2 protein chains.
Amino acid sequence: MMSDESPARPLTSRELAALIGVSQSAVSRAFTPGSSISSKLRARILGAAHEYGYQPNAIASMMTTKRTKIVGIVVSDMRNPFYPALIERLTQALQRVGFQSLLFNISPGARIEEQLVAIRTYNVDTVIVISATILDDRTLNWAAGGRRAILLNRLSHQDMPTVCCDNVAGARAVVDHFHAIDRHRIGYVAGLAKTAVGMTRQGAFTTRLAELGMRLVGSAGSEAYTFEAGWQGALDLLAARPDAIFFASDILALGGLGALRAAGVRIPEDIAVAGFDDIVMAGWPTNDLTTYRQPVDQLIEKAIEMTLAAEIDEDRLVLLPGELIIRGSTSGD
Amino acid sequence: MMSDESPARPLTSRELAALIGVSQSAVSRAFTPGSSISSKLRARILGAAHEYGYQPNAIASMMTTKRTKIVGIVVSDMRNPFYPALIERLTQALQRVGFQSLLFNISPGARIEEQLVAIRTYNVDTVIVISATILDDRTLNWAAGGRRAILLNRLSHQDMPTVCCDNVAGARAVVDHFHAIDRHRIGYVAGLAKTAVGMTRQGAFTTRLAELGMRLVGSAGSEAYTFEAGWQGALDLLAARPDAIFFASDILALGGLGALRAAGVRIPEDIAVAGFDDIVMAGWPTNDLTTYRQPVDQLIEKAIEMTLAAEIDEDRLVLLPGELIIRGSTSGD
DNA sequence: TTGTATGCGTTATCAG
DNA sequence: CTGATAACGCATACAA
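Every value quoted in this text rests on a predicted model; they were computed, and no experiment measured them.

K.L.:
What should I look at first to understand the interface of chain A and chain B in this one?
P.N.:
When the parts of a complex come together, some accessible area is lost, and that lost area is often taken as the interface size. Counting residues at the interface gives 60 residues for chain A, matched by 59 residues for chain B. Summed over both sides, the interface between chain A and chain B buries roughly 5300 Å², with carbon and sulfur atoms accounting for 63% of that surface. Across the chain A-chain B interface, the total number found is two salt bridges. Note that glutamate 88 of chain A and arginine 79 of chain B form a salt bridge whose closest N and O atoms lie 3.2 Å from each other. Counting across the chain A and chain B interface gives 20 residue pairs in polar contact (both at pLDDT 80 or more). Among the secondary structure elements, those contributing two or more residues to the side of chain A that touches chain B are helix 4 (58-65), helix 5 (82-96), strand 2 (100-105), helix 6 (112-121), helix 7 (137-144), helix 10 (227-238) and helix 11 (250-262) of chain A. In terms of residue class, the side of chain A that touches chain B is built from 29 nonpolar, 22 polar and nine charged. Pairing of strand 2 of chain A with strand 2 (residues 100-105) of chain B, which is carried by three bridges, proceeds in the antiparallel orientation. In the sheet register, leucine 103 of chain A faces strand 2 of chain B, and the bridge partner there is serine 101 of chain B.

K.L.:
Before we go on, may I ask you to explain the pairing of strand 9 (residues 272-277) of chain A in this structure?
P.N.:
Residues and elements named next belong to chain A. The element strand 9 is largely enclosed, with a buried count of six among its six residues. Two strands pair when backbone bridges link them, and strand 8 (residues 244-247) and strand 9 are joined in this way by three bridges, in the parallel orientation. Within the sheet, the bridge partner assigned to alanine 244 lies in strand 9 and is alanine 272. In this fold, strand 8 hands off to helix 11, which returns the chain to strand 9; that crossover is right-handed.

K.L.:
I tried to follow helix 9 (residues 196-211) of chain B on my own but got confused; where do I start?
P.N.:
In an α-helix, one turn spans 3.6 residues; hence positions three or four apart end up facing the same way. All names here are of chain B. Here helix 9 is 16 residues long and its end C-alpha atoms lie 22 Å apart, about the 22 Å a rise of 1.5 Å per residue gives. The elements touched by buried residues of helix 9 are strand 5 (162-165), helix 8 (167-180), strand 6 (185-192), strand 7 (215-222), strand 8 (244-247) and strand 9 (272-277). Once helix 9 ends, the next one or two residues include glycine 213, with phi positive near 70°.

K.L.:
Could you clarify how one ought to interpret the packing of helix 4 of chain A against helix 4 (residues 58-65) of chain B in this entry?
P.N.:
Any two packed helices are characterised by the angle at which their axes cross and by the distance between the axes. Two numbers describe how helix 4 of chain A lies on helix 4 of chain B: the axes approach to 9 Å, and their chain directions differ by 130°. Between helix 4 of chain A and helix 4 of chain B, the interaxial angle falls into the category oblique. Remark: the crossing between helix 4 of chain A and helix 4 of chain B carries left-handed chirality. Listed contacts from helix 4 of chain B to Ile59, Ala60, Met62 and Met63 of chain A of helix 4 of chain A are Ile59, Ala60, Met62 and Met63 of chain B. For the contact of helix 4 of chain A with helix 4 of chain B, the class distribution of residues is eight nonpolar, no polar and no charged.

K.L.:
I would appreciate a short explanation of the environment of alanine 190 of chain A in the present structure.
P.N.:
All names here are of chain A. Here alanine 190 shows up in strand 6 (residues 185-192). What makes alanine 190 buried here is its relative accessible area of 3%. Spatially, the C-alpha atom of alanine 190 lies 16 Å from that of arginine 154, the residues being 36 residues apart in sequence. When sequence neighbours within four positions are dropped, the list of residues in contact with alanine 190 reads Gln202, Ala220, Gly221, Ser222, Ala248 and Leu252.

Thresholds applied
Each chain carries its own residue numbering, running from 1 in the written order of its sequence. For naming, the first written chain is A and the first written ligand is 1, with later ones following in the order written. With the structure being a predicted model, the display of local features is reserved for residues of pLDDT at least 70 and the display and counting of side-chain atom pairs for 80 or more, all residues being used for whole-chain, interface and lining totals. The basis for every side-chain value is the complete set of heavy atoms in the structure, and neither hydrogens nor water enter the calculation. In what follows, a contact means two residues having at least one pair of non-hydrogen atoms within 4.5 Å. Throughout, the accessible surface (probe 1.4 Å) given up by two parts as they are put together, summed over both, is called the buried area. By salt bridge we mean one thing: a side-chain nitrogen of Lys or Arg within 4 Å of a carboxyl oxygen of Asp or Glu. A 3.5 Å cut-off defines polar contacts: any pair of N or O atoms within that distance qualifies, except that in protein one atom must be a possible hydrogen donor and the other a possible acceptor, and neighbouring residues in sequence count only when both atoms are side-chain atoms. To qualify as a helix, a DSSP run of H or I must reach at least 4 residues; to qualify as a strand, a run of E must reach at least 2; elements of each kind are numbered from the N terminus. Each residue is assigned to one of three groups, with Ala, Val, Leu, Ile, Met, Phe, Trp, Tyr, Cys and Pro labelled nonpolar, Asp, Glu, Lys and Arg labelled charged, and all others, Gly among them, labelled polar. Here, strands pair whenever DSSP counts at least two bridges between them. Only protein chains enter the accessibility calculation, which uses a 1.4 Å probe; a residue is then buried when its area is under 20% of its type maximum, exposed when over 50%, and partly exposed in between. Crossovers are described as right-handed under a simple rule: with the strands pointing away from the observer, the path leading from the first strand over the helix to the second runs clockwise. One less than the residue count of a helix, multiplied by 1.5 Å, gives the span that helix is expected to have. Lines are fitted to the C-alpha atoms to define the axes, a helix being fitted only along its stretch in contact, and any angle between axes, read from their N-to-C directions, falls within 0 to 180 degrees. These descriptions rest on fixed angle ranges, namely under 35 degrees for roughly parallel, over 145 for roughly antiparallel, 65 to 115 for roughly perpendicular, and the rest for oblique. In a left-handed crossing the near helix is turned counterclockwise from the far helix by less than a right angle, and in a right-handed crossing that turn is clockwise.

Note that all results are geometric; they support no functional claim without further evidence.
Next comes the structure, spelled out in structure tokens:
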């Protein structure tokens, strides 16, 4: 493919056709899998394309096929390391099935719709929404403009197609673990409390605590999934003297660990700490954070499946279980 | 814009024109800044567009204008938190000037050209390359297919348009700081040693050491910009008994800090530690890492400028100075 | 300023 | 299986 120095203007199918004496449609067919063309002619055309450096113009083909092979990925928070990791693997998975990713980075605050206009005008085939916040279902549907929208790691109040970690199972696993290591004075540091995911996690957590007769001695809110919010949340809980704290996400937990250690609290002897997500940093020896690992690969696999499916009739809400990763922040060893 | 429930098929300019009794070209002109149309007619058309939910189809307009308003962003490593932070701000800045970002996440290893074909077929206006590795200039030029390619935070061996942090100034600032705090047995942990950025940083560092009569007691290589590589690099240097170590990037330095602390080394009393980039984590109280801050906003500003410029004649290589951020890992306080 | 007509590069329909 | 021809939705040269 690199045999030729790139000319300023790329070759068109018609030009290539003229060059080797076939019709323009033949060239098009050569590049269309499953089209009716003899393997001999196809080979000749593909050979010539290779030689002359011809590649079909994807933009032009969008005109007739009405498909862009582009997925719009809507994000709003790349500060939390969980998201870049998710996005990286998602875009790679999409590329493997022939899709490209147009990244829509929505800034919180003003003029959200204005930022979303591009999603409609660029005619992406599918919109995958990773942003936990900012967009309500209605805005989302508008932005999708009739195209398929899939929620990834985010819950809908309507019945939009959704792929999400099973937050209930995750929160319960953490409680059960706290119970197993004999902690009974439990604290909770929330992330974005108003989001569906946040509420689900917190609800399941407190419910399971009650089932096991454990005591929620304190609960700290926070405005964001950030290190600083976790730090502050941990400090706010100290007065309640918990012997274990569950942070709604790893990035919060890392902040919490920092605050607790700075306050002279021994982890896990005095307070056991658990997070949620299993971001890479949670596994660093310096953090060694017990956490509920999100099934990222399976989440992505499902999202891709939904992207490719002709219809999404059943299983519009896919909840996938993760796995509790027990590390030093809760286990004495 | 949300006045209408999104119809399955979006309106075309011709349909809108028919609806309000003007020509299709009038509709097109209403949406084209600077086109010859009376403000009265434009207002009427934009009003109707708003009412009926019409938005120009960006794909179709690409056919005639030959411009996609899409920038291809080539990345290969989102594990190093510096990159997501850069990408987030870059895509937002691009959006503000009316460009969308198509993310090309190149997996190291096989079939790189195959992964790059999409860049050509999608006709992006500009390619911004953030990936430090993987692609040589020739492959890059091929992938760009005659379009503009800009290197961001990466150096070229040819004269491709480049915006990069001034690594020489950065490395020198670190050495000067080590000198100022009276350290003379210096260690260095390299990142990807084979990259131009890596070589520049290392070269400037050792040169400045020599100028100030300081001693490079040891130097550790590493295969990647990762926490683990930094951890190992720090361990490798211990035998040489350095009193200060410069890590080629923050993520390496964080690993190094972990390893040193685990080994009982006091920071900064025994060994002062400095990184490069100033990722968010460097500023966390738990890390408190002295580092050379990359001028991210200015880098992006310049990259946007180059993206929008008609020609890039002079200033094809823009080197921007950063700022040494002194924190607890080198300063006793 | 406005409308009419043409073309962008491809896919899809229709004959042969 | 192959070639000619008609869209796709918009921007622009041209005519009015």
